[in-house]
Amino acid sequence: MSSLSSIAGADSGIVRERPFQLLLLINILPPLGTALLSPVLGSLVEPLGASTANIGLMMSAFTAPSIFVIPIAGVISDRYGRRPVLIFGLCWFGLTGTTIALVSTFSAALALRALQGIGFAALTPIIITSLGDLYTGTKEATAQGLRFTGSGLSQTAFPLAAGVLVGAAWQYPFLLYAVAFPIAAVIYVCFEEPLDESADGESEAGLREQLDDMRTLVAHRRAWAMVAARGTANIAWFGFLTYNSILIVGVLGYTPTEAGVLTALASFTYALAASQAGRVAALFDDRLYPLVATNLSMGAGLALTFLAPSIAVAAVGVVFMGAGFGLVLSIYRSVITTLPPADLRGGLVSLGEGSGRAAATATPVLMGVAVAVVSAALGFETAVRAVGVGTGVVSAGVGIACLLLMSTSPPIRMDE
């Protein structure tokens, strides 16, 4: 434990606590919704009858439903508890993900990816909210960072396996989603509600009053600016995940396995960076400064990745991007859980995660359209590189603008 403290700081002792361990176990699954496909998207084009222009829809189909389902899941978890939502999410995520291995058409795969996105909506936002229930202050920032570290490690191991398995058959990577079922069994037996008093449908506040309170909360400029800022980080990350295999295999001429290695490097980097979130947060009285710096690192890193003449240079860009992404999301999430009262925490966290899903859904589609338009004038390779650089600039620029707006906003007062 002393070695972990030297890495993650004084609050790292939370890893010995059973509720945190179980939340980390659940957290293995959600990152695989997109990272598992990153190194193999190019390999799915022919067997599913897709094209390089529309294969990115495998990402968007997964992220789109959660834009609408995440806020619903947050409200349900506030009223009925975190545990039932998490168990449903695990089972549904695993079932719909593994079933993709049994289909043979692009439309069927897209439909199942959309259904799988509903499972995601019941996982990550509820995990983040549960950590906000359990911890406060720098301890909560450490918890969010270590959770994100777990996400990075998950995205390091499984994409590597997917890059190897797709060489044997395109269906095999999807079978990795079956790990959801034993995890669901463990959570059913061992997990307890993180709130001091279990939520139930007979709470004093009715649903209408709860929704009115949410509208009041989100009307505050500080709240909606933070929700918007949370979404911008996904622009850079999903731009990388969607075009990683196309850049590495189609433009630079490497293999899907090497594309998987690059995804694993990005994930490992953000895992390592996220483990330092508690320490970084403790260094600053105002979290605006580290958030601006990490946005710049993320955007510049993505731009360098797409400009790289070789995979070695791309790896340098990926390190900067991953470091920025790991810190920025961990600190965002530790901020957003502190803004609302406890009975609205799940709802606001879910809106923030829904913002991230909206960005994740739109990014592959908009990048695909931009690549198609630019390709007609400049050629495919130049188009991919130019659009990737532009994605990094937009991600950092819009994120920093939202942060500056939030920093000048008055504190949230629910009694007004």
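What counts as what
- Residues numbered from 1 in each chain as written.
- Predicted model: local features only at pLDDT ≥ 70, side-chain atom pairs only at ≥ 80, totals over all residues.
- Heavy atoms only, no water.
- 1 Å grid on protein atoms, 1.4 Å probe; cavity = no way out; pocket = protein on both sides within 12 Å on 5 of 7 lines; lining within 4 Å.
- Points joined across faces, edges and corners; volume = space filled by probe spheres on them.
- Helix = DSSP H or I, 4+ residues; strand = E, 2+ residues; numbered from the N terminus.
- Nonpolar A, V, L, I, M, F, W, Y, C, P; charged D, E, K, R; others polar.
- Buried < 20%, exposed > 50% of the residue type's maximum accessible area, 1.4 Å probe, protein only.
- Contact = heavy atoms within 4.5 Å.
- Phe/Tyr/Trp six-rings, centres within 6.5 Å; stacked < 30°, edge-to-face > 60°.
- Lys NZ or Arg CZ within 6 Å of the ring centre and 35° of its normal.
- Domains from an automatic or database assignment.
- Buried area = accessible area lost by both parts, 1.4 Å probe.
- Core = buried A, V, L, I, M, F, W, Y, C linked by side-chain atoms within 4.5 Å.
- Polar contact = N/O pair within 3.5 Å; in protein donor to acceptor, adjacent residues only side chain to side chain.

The gaps of empty space that remain are located by a probe, the size of a water molecule, rolled over the atoms. Taken as a whole and assessed by the stated rule, the structure comprises one cavity of 30 Å³ or more. By volume, the largest cavity is sized at about 210 Å³. Looking at the lining of the largest cavity, the elements with two or more residues in it are α9 (137-165), α12 (221-251) and α16 (311-336). For the lining of the largest cavity, the class distribution of residues is ten nonpolar, six polar and four charged.

Looking now at the environment of Phe-181. On the secondary structure map, Phe-181 appears in helix α10 (residues 180-190). Residue classification places Phe-181 among the partly exposed positions, given a relative accessible area of 35%. On a C-alpha basis, the gap between Phe-181 and Leu-90 in space is 7.0 Å, while along the polypeptide they are 91 residues apart. Ignoring sequence-local partners within four residues, the contact set of Phe-181 consists of Cys-91, Gly-94, Leu-95 and Thr-98.

Per the counting criterion, the structure on display carries eleven aromatic pairs. Both rings, one in Phe-93 and one in Tyr-177, keep their centres 5.5 Å apart while their planes meet at 90 degrees; by these two values the pair is edge-to-face. Of this pair, Phe-93 sits in helix α6 (residues 82-99) while Tyr-177 sits in the loop between α9 and α10; the two residues are 84 residues apart in sequence, bridging distant segments of the chain. Phe-93 gets classed as buried once you look at its relative accessible area, which sits at 0%. The exposure class assigned to Tyr-177 is buried, which follows from its relative accessible area of 0%. Ring geometry for Phe-174 against Tyr-177: centres 6.5 Å apart, planes inclined by 45 degrees, an arrangement best described as tilted. Note on accessibility: Phe-174 and Tyr-177 belong to one class, buried. The ring of Tyr-188 carries Arg-83 above its face, with NZ or CZ at 5.2 Å from the centroid.

Another point: the domain arrangement of the chain. Accessible area lost upon the coming together of the parts is a frequently used measure of interface size. Segmenting the chain into domains produces domain 1 (11-192) and domain 2 (211-411). The distance between the C-alpha centroids of domain 1 and domain 2 comes to 18 Å. Between domain 1 and domain 2, the contact holds 49 residues from the first and 51 residues from the second. Here domain 1 and domain 2 share an interface that buries about 3700 Å² over both sides, 66% of which is from carbon and sulfur atoms.

Moving on to the nonpolar core. If you look at the biggest cluster of nonpolar residues, it comprises 116 residues, and the most contacted ones within it are Leu-44, Met-58, Phe-174, Trp-237, Phe-240 and Tyr-332. Tallying contributions element by element places α12 first for this core, with 16 residues. If you count residues domain by domain, this core takes at least three from each of domain 1 (11-192) and domain 2 (211-411). Aside from chain neighbours lying at most four places away, what touches Phe-240 is Leu-262, Thr-263, Ala-266, Leu-302, Thr-305, Val-318 and Met-321.

Along the polypeptide, Asp-133 turns up in helix α8 (residues 124-134). With a relative accessible area of 16%, Asp-133 lands in the buried category. Among the polar contacts made by the side chain of Asp-133, one reaches the side chain of Arg-82 at a distance of 2.8 Å.

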